[in-house]
Amino acid sequence: MLCSKRRHHNVKPTHSNQRADPAFRKQRKPARSNKDPVQPKRNKNTSDRHVPYMAYHYKFPFKQNNSFDMKRKTMRKRAAFTSEWLEEVCRTLSYYTLLSFLKTLASGKSHSPNCLTVLLRFADSETVKNRSKKSSKKTNPSSSSSSSSNSSSKLPPVCYEIITLKTKKKKKMAADIFPRKKPASSSSTTVQQYHQQNLSNNNLIPAPNWQGLYPTIRERNAVMFNNDLMADVHFVVGPPGGTQRLPGHKYVLAVGSSVFHAMFYGELAEDKDEIRIPDVDPAAFLAMLKYIYCDEIDLAADTVLATLYAAKKYIVPHLARACVNFLETSLSAKNACVLLSQSCLFEEPDLTQRCWEVIDAQAELALKSEGFCDIDFQTLESILRRETLNAKEIVVFEAALNWAEVECQRQDLALSIENKRKVLGKALYLIRIPTMALDDFANGAAQSGVLTLNETNDIFLWYTAAKKPELQFVSKARKGLVPQRCHRFQSCAYRSNQWRYRGRCDSIQFAVDKRVFIAGFGLYGSSCGSAEYSAKIELKRQGVVLGQNLSKYFSDGSSSTFPVWFEYPVQIEPDTFYTASVILDGNELSYFGQEGMTEVQCGKVTVQFQCSSDSTNGTGVQGGQIPELIFYA
């Protein structure tokens, strides 16, 4: 490299001291005159027909070096590019040099807002130059025309390549950067806007060449959702008086559902332009169509059951599975009875089992909910027969009467005691009235009027007489659920400076790997004889109180734990930390746990513990209070 440079300037090799002399450096590189034009080197392997016309006799504003690397370094030093300077670049650089320059701008190293302007002006200027070349420098008409056509044909791919480099970070399509000119009446509507319009069935006419606005088949297919454009079938959905007319496309529907395929293309297909569907809710049918057209699942709590029915009817299994997952996630004591009825109807055994778990553990909350009155008679019988129902029998009796009252209204019957007993039928004898406490029976069931006089007398004799009469009611108490205990300490102890309370809070955090229902805590008692304690227990999740209770318990002086219960079991979701807290008031000489474990396996449930910031009395993972969690699983 040095040798070639010396031959070019006719300079002999010199000593390093001479190179440092400014006068010598000036002698090595004589200045050029303004009359001596700079002619960039042209690629010998490229013919003129591939290179657009350029102004070669123009003094380039960079340093006099034919290497584009030096020019690129100079360009990077500039703080900003002016539009005039960019025009000079377009007129001066050769085609391939300009291509490299544009790639440099497109790589993101330069943040000039005129980068796209350069590309557009380049395309326009080439057209003008090609025309001027035909008129002024026309030596061979055939070669000139071929050169012009080839250069113009080469420009669009180059422009597209540069645009792609420019927009890699933003991930836009070429149509987004160079949108086609649209009529004044058309609007740039996105797929989401089409969805919003189609939900109300506006059926706006898409813009001309709307297919080019959406890069994927999914987005183009979504435009057809609830759209009359090219619709070859219509559905009248809903019961009489609440119908809605929805457009459809047979091919799309047949691809998404085997029922639609048989309806439109099967052996018994009927060629109808309008199909009536009175047993499906319009909102649920729209949700199913949205899944078929857009591959999107849009579920809501008030329409998920109707959507599940539509998915089952038209055999859309993935949508049905999504509905079941949604119901399992939102399952609680308030809707467990209704979901139990629907899961039996839809033949979903997993959902049925989940519902029974919630109903068994939180039976009293489920029976007192409004959803219990909406169940059918078969579901009512199955709940009243349940052996593991964890509820008092007086609560079951009152819930059955509430259901009978609503059922009379559904059957347009007068609200009388006779009609309540009539709608209950044989289900009345599934209520285990003889297992009630005597006070509950005397103050509740005996005075309800539903029982006959003979039935009331026989039940009273059942409570008091040695020779008990025969009853039509089930006289065996329900088994209920057996609570499980998770003990987190390996030992307990007491010392001279015993555990002191004084109204301070003992707290611990825990998480489980499957859904359980916390029924209460096991707490330590006095270490020096019998004593009575007052305990305020609380269960929180992210600061929100889920359950609390204030009660008293008696300690016999042993190191055993004593249960303190919540009013109702609290549902605990998996993989989420909850905070268990207790404030004790009583004898200060009490036991405390030690050698605590961070993870405890209790049956099929794994419980993890960690310290809580709410604890102000010394309780932590290694030691302290709250030794046990009592739960149903």
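Just so you know, these numbers come straight off a predicted model, no measurement behind them. (Residues numbered from 1 in each chain as written. Predicted model: local features only at pLDDT ≥ 70, side-chain atom pairs only at ≥ 80, totals over all residues. Heavy atoms only, no water.)

Considering the nonpolar core
- In terms of nonpolar packing, the biggest core is built from 89 residues, with F235, F285 and I433 touching the most fellow members.
- With 10 residues, the single largest contributor to this core is helix α21 (residues 393-410).
- For F235, the contacting residues outside a window of four places in its chain are Q244, R245, L246, G248, L253, F260, F264, I275, I277 and F285. (Core = buried A, V, L, I, M, F, W, Y, C linked by side-chain atoms within 4.5 Å. Buried < 20%, exposed > 50% of the residue type's maximum accessible area, 1.4 Å probe, protein only. Helix = DSSP H or I, 4+ residues; strand = E, 2+ residues; numbered from the N terminus. Contact = heavy atoms within 4.5 Å.)

What about the confidence of the model for the chain?
- For the chain, per-residue confidence averages 75 on the pLDDT scale, and residues scoring 70 or more make up 66% of the total.
- Counting interchain partners and residues more than four positions distant, the pLDDT-below-50 stretch residues 1-20 has 13 contacts.
- Counted against residues more than four places away or in other chains, residues 70-83, with its pLDDT under 50, gives 23 contacts. (pLDDT = per-residue confidence, 0-100.)

Quick notes on a nonpolar patch on the surface
- Together, Y251, V255 and Y265 make up a nonpolar patch on the protein surface, roughly 390 Å² of accessible area in all.
- Relative to the helices and strands, Y251 resides in helix α12 (residues 250-256). (Patch = residues over 30% accessible without salt bridge, like charges linked within 9 Å, V, L, I, M, F, W, Y side chains within 5 Å. Areas by Shrake-Rupley, 256 points an atom, 1.4 Å probe, with all protein chains shown as cover. Salt bridge = Lys/Arg side-chain N within 4 Å of Asp/Glu carboxyl O.)

Observations regarding the pairing of strand β2 (residues 244-248)
- Here strand β1 (residues 233-237) pairs with β2 via five bridges, running antiparallel. Within β2, the residue paired with V237 across the bridge is Q244.
- Between β1 and β2, which pair antiparallel one after the other, the connecting turn spans six residues, and G238 there sits at a positive phi close to 110 degrees. (Pairing = 2+ DSSP bridges.)

Regarding the sheet that holds strand β11 (residues 578-585)
- Pairing within the open sheet is antiparallel, and its six strands lie in the order β9-β8-β11-β6-β14-β13. Whereas interior strands pair on both sides, the edge strands pair on one side only; in this sheet they are β9 (544-555) and β13 (599-602). Here the strands of the sheet are splayed against their neighbours by 25 degrees on average, with no regard to which way each runs. (Axes fitted to C-alpha atoms, helices over the stretch in contact; angles between N-to-C directions.)

Examining α21
- In a regular helix each residue adds 1.5 Å, so 18 residues correspond to 26 Å; α21 covers 26 Å between its end C-alpha atoms and thus fits that length.
- Against α19 (363-368), α20 (377-385), α22 (417-424) and α23 (438-443) lie the buried residues of α21. (Expected span 1.5 Å × (residues − 1).)

Observations concerning the packing of helix α15 (residues 304-313) against helix α17 (residues 336-346)
- For the pair α15 and α17, the least separation of the axes is 11 Å and the interaxial angle reads 5 degrees. As summarised for this structure, α15 and α17 are arranged roughly parallel, according to the angle between their axes. Where α15 approaches α17, its residues L305, L308, Y309 and K312 are matched on the opposing element by V338, L339, Q342 and F346.
- Taken together, the residues of the contact of α15 with α17 sort by class into six nonpolar, one polar and one charged. (Parallel < 35°, antiparallel > 145°, perpendicular 65-115°, else oblique. Nonpolar A, V, L, I, M, F, W, Y, C, P; charged D, E, K, R; others polar.)

A closer look at the sheet that holds strand β7 (residues 516-524)
- Reading across the sheet, the four strands line up as β4-β15-β7-β10 and stay open at both edges, with antiparallel pairing between neighbours. Of all strands in the sheet, those with a lone pairing partner are β4 (484-487) and β10 (561-572), marking the two edges. Between one strand axis and the next, the sheet turns through 25 degrees on average, direction left out of account.
- Here five bridges tie β7 to strand β15 (residues 628-632), and the two strands are oriented antiparallel to one another. Bridge assignment links F521 to a residue of β15, and that residue is L629.
- Sheet strands touched by helix α18 (residues 349-361): β7, β10 and β15. Its angle to β7, the strand with the most contacts, is close to 35 degrees.

Thoughts on the side chain of T307
- Along the chain, T307 falls in helix α15.
- For T307, a relative accessible area of 0% gives the class buried.
- Not counting residues up to four positions away in its chain, the partners in contact with T307 are A284, A287, L299, L319 and C323.

Quick notes on the environment of K479
- Tracing the sequence through the fold places K479 in the loop between α24 (453-464) and β4.
- In the structure, K479 is positioned 89 residues away from N390 in sequence and 8.1 Å away in space, judged by C-alpha atoms.

Digging into α24
- Here α24 spans 17 Å end to end across 12 residues, near enough to the 16 Å set by a 1.5 Å rise per residue.
- Listed in full, the buried residues belonging to α24 are E455, T456 and I459. Axial view of α24: buried residues confined to an arc of 100 degrees, hence all on one face. More than 90 degrees from the buried face of α24, the exposed residues found are L453, N454 and T464.
- In this structure, the buried residues of α24 make contact with α22 and α23. (Arc of directions from axis to C-beta.)

Considering the packing of helix α16 (residues 317-329) against α18
- Where α16 contacts α18, the axes come no closer than 10 Å and their chain directions differ by 5 degrees. By the angle between their axes, α16 is roughly parallel relative to α18. Two secondary-structure elements touch here, α16 through R321, V324, L327 and E328 and α18 through D350, L351 and R354.
- Here the contact of α16 with α18 is built from residues that sort into three nonpolar, no polar and four charged.

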